[in-house]
Amino acid sequence: MNVLLIEDDKRISEFIIKGLEENNFTVHLAETGEMARDLVQENTWDIILMDIMLPGIDGIQLVKLMRFKKIHTPILILSALSNTDDKVTALDSGADDYLVKPFHFKELISRVNALTRRTKFNYNEPETLYTCGTLTINPDEHKVTENDKLIDLSPREYKLLLYLLENRNKVMSRTQILTAVWGINYDNNTNVVDVYISYLRNKIEHNHKFIHTIKGIGYMLKE
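Residues numbered from 1 in each chain as written. Predicted model: local features only at pLDDT ≥ 70, side-chain atom pairs only at ≥ 80, totals over all residues. Heavy atoms only, no water.

- As annotated in an unreviewed UniProt entry, the protein is Two component transcriptional regulator, winged helix family from Flavobacterium johnsoniae.

1. Structural notes on helix α4 (residues 84-93)
Turning to step 1, where the next piece is worked out: For α4, the N-terminal capping position is held by Asn 83, with its side-chain oxygen 2.8 Å away from the main-chain nitrogen of Asp 85.
Turning to step 2, where the next piece is worked out: Positive backbone phi, at 130 degrees, marks Gly 94, one or two positions downstream of α4. (Polar contact = N/O pair within 3.5 Å; in protein donor to acceptor, adjacent residues only side chain to side chain. Helix = DSSP H or I, 4+ residues; strand = E, 2+ residues; numbered from the N terminus.)

2. Focus on the packing of aromatic side chains
Turning to step 1, where the next piece is worked out: This structure, assessed with the given rule, holds two aromatic pairs.
Turning to step 2, where the next piece is worked out: Pairing Phe 15 with Phe 105 gives two aromatic rings, centres 5.5 Å apart and planes at 80 degrees, and the pair type is edge-to-face. Separated by 90 residues along the polypeptide, Phe 15 in helix α1 (residues 10-22) and Phe 105 in helix α5 (residues 105-123) bring together distant segments of the chain.
Turning to step 3, where the next piece is worked out: The exposure class assigned to Phe 15 is partly exposed, which follows from its relative accessible area of 45%.
Turning to step 4, where the next piece is worked out: A ring pair is formed by Tyr 196 and Tyr 199, whose centres lie 5.0 Å apart and whose planes are at 70 degrees; its orientation type is edge-to-face. Of this pair, Tyr 196 and Tyr 199 both sit in helix α8 (residues 192-204), three residues apart, roughly one helical turn.
Turning to step 5, where the next piece is worked out: Since its relative accessible area comes to 38%, Tyr 199 is described here as partly exposed. (Phe/Tyr/Trp six-rings, centres within 6.5 Å; stacked < 30°, edge-to-face > 60°. Buried < 20%, exposed > 50% of the residue type's maximum accessible area, 1.4 Å probe, protein only.)

3. Details of the pairing of strand β4 (residues 75-79)
Turning to step 1, where the next piece is worked out: The buried fraction of β4 amounts to five of the five residues, a majority that puts the element mostly inside the structure.
Turning to step 2, where the next piece is worked out: Bridge analysis of strand β3 (residues 47-50) against β4 gives three bridges, and the strand direction is parallel. When the sheet's bridge partners are listed, Leu 49 is paired in β4 with Leu 76.
Turning to step 3, where the next piece is worked out: Note on the crossover from β3 through helix α3 (residues 59-68) to β4: the handedness is right-handed.
Turning to step 4, where the next piece is worked out: Relative to strand β5 (residues 97-100), β4 runs parallel, the two sharing four bridges. By the bridge assignment, Leu 78 is partnered in β5 with Leu 99.
Turning to step 5, where the next piece is worked out: Once the chain exits β4 it traverses α4 before rejoining the sheet at β5, and the crossover so formed is right-handed. (Pairing = 2+ DSSP bridges. Right-handed = clockwise from strand over helix to strand, strands pointing away.)

As structure tokens, then:
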């Protein structure tokens, strides 16, 4: 198992590397965020162990960068920051787990094994696609195609189309759509749903009609 350790404290990194190698892991050390950024993009890793407080690019910035670039390698944060807000920030940024220093080495090994097992299981699952006739959304790649032609959608148009596809062949009221796509506190008197439905139709309905108006109720997406 190939492990990337991102840690600038030499004493801590030597301790972790020694323990991991004794458990038959192959470990590569990056002492700065910049070094880690390059290694992440140039190599494939089974898991990344990362400190937050790094020189240059910090751990949170690095996690966000990796997830933005669609790098799904499991990330275990190893940090002396024990505040709940620090943990929440790291996990919300895309980290998979968080272990506070100092820690028992057996727990580190257990967390690493659990994360890599989970990742291998998920990668063996079939890819989720939403389809309706010639229209397809690939949520993993954030990609929409119609008749195999890539469709460029704004983030809000994408969210609206995904919601309609998830509920295809069902009549969805304007209020339901507004709540799901724009949020529960959005003004119910707005015509934003109708405006964005028009945007979507102009982009996806060159060959077929997908979005049907249900008079007095809302919209339904069907073949």
